[in-house]
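Inside the fold
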Amino acid sequence: MYRREVAEDILRPLRVTTWRYYVLIAFLLLGVLFGAYAYYIQITSGLIVTGLRDNIFWGLYITNFVFFIGISHAGTLISAVLRLARAEWRKPVTRMAEYITVMALFVGGLQPLIDLGRIDRILNILFYGRIQSPIVWDFISITTYLVGSMTYLYLPLIPDLAICRDLLGDVSGFKRWIYEKLSMNWRWGDGQRAVLGKAIAIMTVLIVPIMITVHTVVSWIFAMTFRAGWRSTIFGIYFVVGALLSGLATVITFMAIVRKAYRFEKYIRYEHFKYFGYLLLAVDLFYIYLMINEYQVSGYLWSRHEAAVLSSLYGGKYAIYFWATVFMLVAPIFIIAIPRTRTINGILVASIIVNISMWLKRYVIIVPTLANPPMPSSFIMIYTPSWIEAAITIGSFCGFGLLIAIFSKLFPLISIWEVSESEE
Amino acid sequence: MENARDNSGIKWRYDWVMVIDLEKCEGCGLCEEACIAAHNPLPGQKWMKVYAFETPTGDISPLPRPCMQCQKAPCVSICPVGANYYNQDGIVLIDKDRCIGCRMCMAACPYGARYFNWRAPLPKKGESHGLENIHPVGVVEKCMFCYPALEKGDLPPCAKACPMKAIYLGDRNQDIVTNGEETLKLSKLLSERDSFRLFEELGTEPKVYYLTGERSRGCLEWRKASRFLPPSYPLSP
């Protein structure tokens, strides 16, 4: 069963809504509408309104795509891997990680569609899809991951939905209807518990390899071309680890916000930040190691084609972004490693820095390679994102926040039954 | 010479190839202009494009680049919806009604031969060479050797416009190429002269041959070292 006072605590945000929440929703909605307006312009006039041209034909949208799909790896890492490791302390934070996974997948999956020249023909992927194409691999693995992670979010949510059904008598009829239907007649029976436990265990094992395929095939979109800076066998794991890094940083950021906003200090404790901080540190170091591998090998050989890309990173047009990325990957190591800065705020700052760095890193992977194609061109090799692209990017981030904010009012942010169990 | 085959092993009706004699090419850019006049792509897009390379010997060599009509085209294998295909003569074509505009093929093409229609269709002008001269928004397009002209026994506008008669087209099955003035035996031409194909080491089997000689020797040198690409100096701005 569950403990009443824990349930009341965690369900408080579902009953009480402050004016701050409405202000936040209004603000995020405005951002989404701004993005939607920009997309309307793009649809009616073509991609000419972006800063993209025939050489640098992928830009912010594909950067956002890799970034958001990357974030979506957080849920699985934290929830499934820690569940497999039977780490008890994970219980109050797994739900939030799973939310982030699903929402980031929605927003990330939208990005290549926004980038598409002919969105009206999107169904051609179903009608004429060819398994030889990395785009189709992406389509398959992302939709599989979306279904998988939604299931994985839903299963441990069932007992909590039953708690909502039983305790939240005063909410709107629509919400009560959702809880009634989605809790699937959960009555805390032993048989039900056994089935649920088995289902969660199966999903936990299934979701990990699916997650790994997702960012691997995302990286293969780049790696399976004849382009310097992309054509590399390290790309699969490089992207997966980068995804885990930014996902982890996003979960830490979200944890800090929720802890503050809903006064969940009792459940989201310093130890969570500390453990996640250590995990972030380890994944960050691993990512830096992979990055050194990637740049050291091609940088040592310095073949002319690779050199064109690398020199634009080391000392050329993109040096400022590249070195900013490196600095922002290294700085969090010290913030987390030094005990004085290893506070909740310190770890939060480290996470935000990591995420800025990871977004920039994706940009630095995509654009400089396109700016140095195998056949050099007389076109101007400058890509300046237009306001349309900026607006859609802002809209995407706001949409990500909006989805999470709405869900935080519909469903409990912390797994009530799991937390009750561990406190017993 | 071995007969060209497509991936499924069916012998093509014709096996169109292009031969560009770099010894004759002056880099004047008239082929570019004729191509633009015929096809009317977006401003700045050149389906036939003259590149200029500084060779290791320090010379600047012009190098016209149409689509290579690769026998093992990366754009065809990477397309998610099968919008890129080989026609019955091995020409790589784009189904403009099926393309979804993901631009994966542009990433895959090592020759930079592909262009995206960033905006709505342009007003129709220029001779069509039997092709529908329309450019739908949001799809990728490129050079197609003006294959309907070839089938009629005519040369594409780029070859016709070349004042140096440096561009030859022909059929590898029949082992002949012509620039409109002289008709030569392809296998003999390639064995007698120094020839190369662009980025041969990638295994894309391009169907555009470049002939070099004393004057354009540097280009051959460059080709030999083509794993190491030199910086480019555009001839025509």
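Scope of this entry: the structure provided in the associated data block. One numbering rule holds for all chains: residues counted from 1, following each sequence as written. Chain letters start at A and ligand numbers start at 1, both assigned in the order the entries are written. In keeping with the predicted nature of the model, local features appear solely for residues at pLDDT of at least 70, side-chain atom pairs appear and are counted solely at 80 or more, and the whole-chain, interface and lining totals rest on all residues. Excluding hydrogens and water, the side-chain figures rest on all heavy atoms present in the structure.

Residues and elements named next belong to chain A. In the cavity and pocket records, a cavity denotes points on a 1 Å grid over the protein atoms alone where a 1.4 Å probe fits but cannot get out, a pocket denotes an open set with protein on both sides within 12 Å along at least 5 of 7 lines, and lining residues are residues with an atom within 4 Å of a point. Grid points are joined across faces, edges and corners, and a volume is the space filled by probe spheres set on the points. Put simply, the largest pocket is a space of about 1,100 Å³. Leu24, Phe254, Ile257, Val258 and Gly401 are the residues nearest the centre of the largest pocket, which is lined by 33 residues in total. Numbering of helices and strands runs from the N terminus; a helix is a DSSP stretch of H or I covering at least four residues, while a strand is a stretch of E covering at least two. Of all the secondary-structure elements, those providing two or more residues to the lining of the largest pocket are helix H1 (4-15), helix H2 (19-45), helix H3 (60-71), helix H11 (235-261), helix H15 (344-371) and helix H16 (387-410). Its residues assigned to classes, the lining of the largest pocket comprises 21 nonpolar, seven polar and five charged. Ten residues, namely Ala, Val, Leu, Ile, Met, Phe, Trp, Tyr, Cys and Pro, are considered nonpolar, four, namely Asp, Glu, Lys and Arg, are considered charged, and the remaining ones, Gly among them, are considered polar.

Take the interface of chain A and chain B next. The contact rule is simple, with two residues in contact once any of their heavy atoms fall within 4.5 Å. With 41 residues of chain A at the interface, the matching set in chain B holds 51 residues. Summed over both partners, the interface of chain A with chain B comes to about 3,800 Å²; 63% of that surface belongs to carbon and sulfur atoms. The largest share of the area that chain A buries against chain B comes from Phe226, Arg304 and Met375 of chain A, three residues that together contribute 20% of it. When a carboxyl oxygen of Asp or Glu lies within 4 Å of a side-chain nitrogen of Lys or Arg, that pair is called a salt bridge. The interface formed by chain A and chain B includes one salt bridge. Linking Arg103 of chain B and Asp115 of chain A is a salt bridge whose minimum nitrogen-to-oxygen distance equals 2.8 Å. As used in this structure description, the phrase polar contact means that two N or O atoms lie within 3.5 Å; if the pair is within protein, one of them must be able to donate a hydrogen and the other to accept it, and residues adjacent in sequence are counted only when both atoms belong to side chains. Summed over the shared surface of chain A and chain B, the number is 23 residue pairs in polar contact (both at pLDDT 80 or more). Secondary-structure elements contributing two or more residues to the side of chain A that touches chain B are helix H6 (124-128), helix H7 (134-154) and helix H13 (304-314) of chain A. Split into classes, the residues belonging to the side of chain A that touches chain B amount to 19 nonpolar, 13 polar and nine charged. As used here, buried area is the combined drop in accessible area, with a 1.4 Å probe, of two parts when they are placed together.

This brings us to the sheet that holds strand S1 (residues 16-21) of chain B. Residues and elements named next belong to chain B. Read from one edge to the other, the open sheet built from six strands follows the order S10-S9-S8-S1-S12-S11, with strand pairing classed as mixed. Because the sheet does not close on itself, it has two edges, and the strands there are strand S10 (183-185) and strand S11 (194-196). When the angles between neighbouring strand axes are averaged without regard to direction, this sheet yields 30°. Pairs of strands are assigned from DSSP output, requiring at least two bridges between the strands. Inter-axis angles, ranging from 0 to 180 degrees, are taken between N-to-C directions of lines fitted to C-alpha atoms, where helices are fitted over the stretch in contact.

With that out of the way, let us pick up a nonpolar patch on the surface. All names here are of chain A. Patch rule: a residue counts if its relative accessible area is over 30% and it has no salt bridge; like charges are joined within 9 Å, and nonpolar side chains (Val, Leu, Ile, Met, Phe, Trp, Tyr) within 5 Å. All accessibility values rest on the Shrake-Rupley procedure with a 1.4 Å probe; residue burial counts only the protein chains present in the view. The grouping of Leu123, Leu126, Phe127, Tyr128, Ile131, Phe139 and Ile140 at the surface amounts to a nonpolar patch, some 710 Å² of accessible area in total. The set of elements that each furnish at least two residues to the nonpolar patch consists of H6 and H7. Counting residues per element, the nonpolar patch draws most heavily on H6, at three residues. Along the polypeptide, Tyr128 turns up in helix H6.

As a further point, take the packing of H11 of chain A against helix H12 (residues 270-301) of chain A. Residues and elements named next belong to chain A. Contact geometry of H11 with H12 gives a least axis separation of 9 Å together with a crossing angle of 155°. Relative to H12, the element H11 lies roughly antiparallel. Viewed along their axes, H11 and H12 form a crossing whose handedness is left-handed. Split by residue class, the contact of H11 with H12 holds 22 nonpolar, three polar and three charged. Roughly parallel means an angle under 35 degrees; roughly antiparallel, over 145; roughly perpendicular, 65 to 115; everything else is oblique. Crossing handedness: left-handed means the near helix sits turned counterclockwise from the far one by under a right angle, and right-handed means the same turn made clockwise.

Turning next to the side chain of Asp171 of chain B. Residues and elements named next belong to chain B. Within the fold, Asp171 resides in strand S8 (residues 167-171). Residue exposure (1.4 Å probe, protein chains only): buried if accessible area is under 20% of the type maximum, exposed if over 50%, otherwise partly exposed. His is not counted here, nor are the chain ends, while Lys and Arg score as positive and Asp and Glu score as negative. Here Asp171 sits buried without a salt bridge, and the closest side chain of opposite charge, Arg172, lies 7.2 Å off (N-O distance). The residues contacting Asp171, other than those within four sequence positions of it, are Tyr14, Asp15, Trp16 and Ile176.

So, on to the packing of aromatic side chains. Residue and element names in this part refer to chain A. Ring geometry is summarised as follows: Phe, Tyr and Trp rings, the Trp one being its six-membered ring, pair when their centres sit within 6.5 Å, and such pairs are stacked at plane angles under 30 degrees, edge-to-face over 60 and tilted between the two. The final tally for this structure, using the stated rule, is 42 aromatic pairs over all chains. Ring centres 5.7 Å apart and planes at 75° place the aromatic pair Trp137 and Trp220 in the edge-to-face group. Taken together, the positions of Trp137 in helix H7 and Trp220 in helix H10 (residues 190-223) put the pair 83 residues apart, joining distant regions of the chain. Look at Trp137 and you get partly exposed, because its relative accessible area is 22%. Judged by relative accessible area, which is 32%, Trp220 ranks as partly exposed. Put simply, the rings of Phe57, Trp58, Phe222, Trp230, Phe235, Tyr238, Phe239 and Tyr287 pair up and form one aromatic cluster.

Turning next to the pattern of salt bridges. Inspection of the entire model under this criterion finds 30 salt bridges over all chains. Between Glu8 of chain A and Arg4 of chain A there is a salt bridge whose closest N-O contact spans 3.2 Å. You can see Glu8 of chain A and its partner Arg4 of chain A sitting in helix H1, four residues apart, about one turn around the helix. When its relative accessible area of 27% is taken as the criterion, Glu8 of chain A is described as partly exposed. Across the salt bridge formed by Asp21 of chain B and Arg193 of chain B, the nearest N and O atoms sit 2.8 Å from each other. A residue pair is termed long-range when its members are at least 10 positions apart, and Asp21 of chain B in strand S1 and Arg193 of chain B in the loop between helix H6 (186-192) and S11 qualify at 172 residues. Through salt bridges with shared partners, one network takes in Arg4, Glu8, Arg15 and Asp170 of chain A.

Honestly, it's all geometry; don't read function into it.
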